[in-house]
Amino acid sequence: NLGDDLLMTSAVRMIRAVRPDASIFVHCHDAARLPALSDPLLVPVEASARLADPALSRPARLKAYFAMLSRAFRNCDTLVFGGGTVFQDASSPVSLLIIAATVMFARRKGLKVITIGSGAGHLRTVAGRSAMKAILKRADIVCLRDATSMAICRALVPQALLRQTADLVFGLAPPAAIAAKRTGFVLSIQPSVTNRSDAPGERARQALRAVINAAVQRGERCLLLAFETKHPGGDGRDDRDAWQAVAGDLMSTHPGLVQPMGFAGPIDDVARIMAEARAHYGMRYHGHVLAALSGTPFAGLAHDVKVQQVCRSFAMPCLGLGEATTAQAIADLDTATGLAISKDTLSDLRVASQGNIQALRDGLEGTS
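Just so you know, these numbers come straight off a predicted model, no measurement behind them.

The rules behind these values
- Residues numbered from 1 in each chain as written.
- Predicted model: local features only at pLDDT ≥ 70, side-chain atom pairs only at ≥ 80, totals over all residues.
- Heavy atoms only, no water.
- Helix = DSSP H or I, 4+ residues; strand = E, 2+ residues; numbered from the N terminus.
- Rg over C-alpha atoms; globule rule 2.2 N^0.38 Å.
- Buried < 20%, exposed > 50% of the residue type's maximum accessible area, 1.4 Å probe, protein only.
- Contact = heavy atoms within 4.5 Å.
- Areas by Shrake-Rupley, 256 points an atom, 1.4 Å probe, with all protein chains shown as cover.
- Lys, Arg positive; Asp, Glu negative; His and termini not counted.
- Charge placed at Lys NZ, Arg CZ, Asp CG, Glu CD.
- Pairing = 2+ DSSP bridges.
- Axes fitted to C-alpha atoms, helices over the stretch in contact; angles between N-to-C directions.
- Salt bridge = Lys/Arg side-chain N within 4 Å of Asp/Glu carboxyl O.
- Expected span 1.5 Å × (residues − 1).
- Polar contact = N/O pair within 3.5 Å; in protein donor to acceptor, adjacent residues only side chain to side chain.

## Topic: the overall build of the chain
Thought 1: Within the chain one finds 14 helices and 12 strands.
Thought 2: At 21 Å, the chain has a C-alpha radius of gyration in line with the 21 Å of a compact globule built from 368 residues.
Thought 3: In terms of overall dimensions, the chain has C-alpha extents of about 60 × 50 × 40 Å along its principal axes.
Thought 4: Counting over 368 residues, the chain shows a buried share of 50%.
Thought 5: A sequence separation of at least 24 residues applies to 67% of the contacts in the chain between residues at least 6 apart.
Thought 6: Counting every atom, the chain has about 16100 Å² of accessible surface; 52% of that belongs to carbon and sulfur.
Thought 7: In the chain, the 41 positive side-chain charges and the 32 negative ones have mean positions that sit 6 Å from each other.

## Considering the sheet that holds strand β5 (residues 141-144)
Thought 1: One open sheet holds the four strands; their spatial order is β3-β4-β5-β6, and the pairing between them is parallel. A strand with exactly one partner marks an edge of an open sheet, and here the two such strands are β3 (78-87) and β6 (162-164). Strand-to-strand, the axes of this sheet are offset by a mean angle of 20°, without reference to chain direction.
Thought 2: Sheet topology places β3 next to strand β4 (residues 112-120); seven bridges connect them, and they run parallel. Each residue of the ladder has a partner; that of L79, found in β4, is V113.

## Observations concerning the sheet that holds strand β7 (residues 185-188)
Thought 1: Pairing is parallel across the open sheet formed by six strands, whose spatial order is β9-β8-β7-β10-β11-β12. Two strands in the sheet have a free side with no partner beyond their single neighbour: β9 (258-262) and β12 (318-320). Averaged over all pairs of adjacent strands, the angle between strand axes in this sheet comes to 20°, irrespective of strand direction.
Thought 2: Direction of pairing for strand β10 (residues 279-282) relative to strand β11 (residues 298-302): parallel, over a ladder of three bridges. From the neighbouring strand, H280 faces β11, where its bridge partner is F298.
Thought 3: Helix-sheet contacts for helix α8 (residues 199-217) involve β7, β8 (222-226), β9, β10 and β11, and the interaxial angle to β7 is about 165°.
Thought 4: Where helix α12 (residues 305-313) meets the sheet, it contacts β11 and β12, and its direction lies at approximately 155° from that of β11.

## What about helix α11 (residues 285-293)?
One turn of an α-helix holds 3.6 residues; hence residues three or four places apart share an orientation.
Thought 1: Judged by how many residues are buried, α11 sits mostly within the fold: nine of nine residues are covered.
Thought 2: All buried positions along α11 are accounted for by Y285, H286, G287, H288, V289, L290, A291, A292 and L293.
Thought 3: Along its buried surface, α11 packs onto α1 (2-18), α10 (267-275), β10, β11, α12 and α14 (343-364).
Thought 4: Residue G295 follows α11 closely and has a positive phi angle near 75°.

## Considering the pattern of salt bridges
Thought 1: The tally for this structure, following the rule as stated, stands at 15 salt bridges.
Thought 2: Put simply, R278 and E220 hold a salt bridge, and the shortest N to O gap is 2.4 Å. Highlighted residues: R278 in the loop between α10 and β10 and E220 in the loop between α8 and β8, separated in sequence by 58 residues.
Thought 3: For E220, a relative accessible area of 17% corresponds to the buried category.
Thought 4: D304 is the salt-bridge partner of K306, the closest N and O atoms lying 4.0 Å from each other.
Thought 5: Taking the relative accessible area as the measure of exposure, K306 reaches 23% and is therefore partly exposed.
Thought 6: Here D304 falls in the partly exposed class, since its relative accessible area comes to 22%.
Thought 7: Salt bridges linked by common partners bring E228, D239 and R284 together as one network.

## Remarks on unusual backbone geometry
Thought 1: Its identity as a non-glycine residue notwithstanding, A315 has a phi of 55°, on the positive side.
Thought 2: Examined against the element boundaries, A315 turns out to sit in the loop between α12 and β12.
Thought 3: On the basis of relative accessibility, which here comes to 60%, the residue A315 falls in the exposed class.

## Observations regarding the environment of L136
Thought 1: As for its position among the elements, L136 is in helix α5 (residues 126-138).
Thought 2: C-alpha separation for the pair L136 and Q354, spaced 218 residues apart in sequence, amounts to 22 Å.
Thought 3: If near-sequence neighbours (up to four positions away) are discounted, L136 is found in contact with V142, C153, L156, V157, A160 and L162.

## Notes on α1
Thought 1: Between its first and last C-alpha atoms α1 spans 25 Å; for 17 residues at 1.5 Å apiece the expected length is 24 Å, and the two agree.
Thought 2: In terms of burial, α1 is a largely internal element, 13 of the 17 residues being buried.
Thought 3: Measuring from the side-chain oxygen of the N-cap residue of α1 to the backbone nitrogen of G3 gives 2.8 Å; that N-cap residue is N1.

As structure tokens, then:
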């Protein structure tokens, strides 16, 4: 997932700013899917794979998971949650319960717990709220990326040590050079919405297709960015499949103008690609964040509050799925191309994101 890779890259660089020579044990599902960070002191810990092992019973999976974490924790003094909306129970409280259990396990092993640039979603279940309370009460410092997340956590545990920072991706360095003449557009898709058979899913498909078709009619190139990609021969969600369903015929009839793009290169390269575009249009929150960082205007097709918030922050057009029409989608893209990224807003968010480094420094030095 490109968004997760961006977060991971920023988190590692922020930790490096505080602990240049520390080993970083990276909790992951598959080491082969980690971004290329060129850091010899990264140690993959494929703990998530234990939780998903179909050959084991659920109790055996949990036992294997915590056994692997126990071995890693012997070499660690701090557990860091590095961004993303990790605190939610939208579909199930299970993942949040596992996070809470991991936090409690880390504390029993003597580790500090710090979250940086994290997001909190609406907690719909009693189990989810209880898990979140357990996390907040045990964490040394909790850095949250927005006011909504702050309000959710503050309501649960008023005495929690919370700091409002910003998304970690805003802490990445902007592209070294931005093209003098921008051409074409970058688009992003969210298959969990466009794969739906209901009215919002259909409106999302139609809006994306309309934008691509309008650009093609004007001779403009569209890069259909894939945030999530499968292993070769693997299963799971892949944005390229979703793009095929939305614009497959346009790809075949206009191969020079409509190009799907899975990303496997250095993370800094994707910011350069975004910086060469006239605008970004689409559904991925980190697509918009990356656009802002690259000085590229954007327009959102919002399926969640994150997309609405980032568009609002930069005064960029945003169309909710409930109101999406093909005409308005095209109009929003046209509007975006005439706008500029606010340097003041971007500067404020970059400073706030750098606050995550200070939180790491404070937490690792034992202050709060």
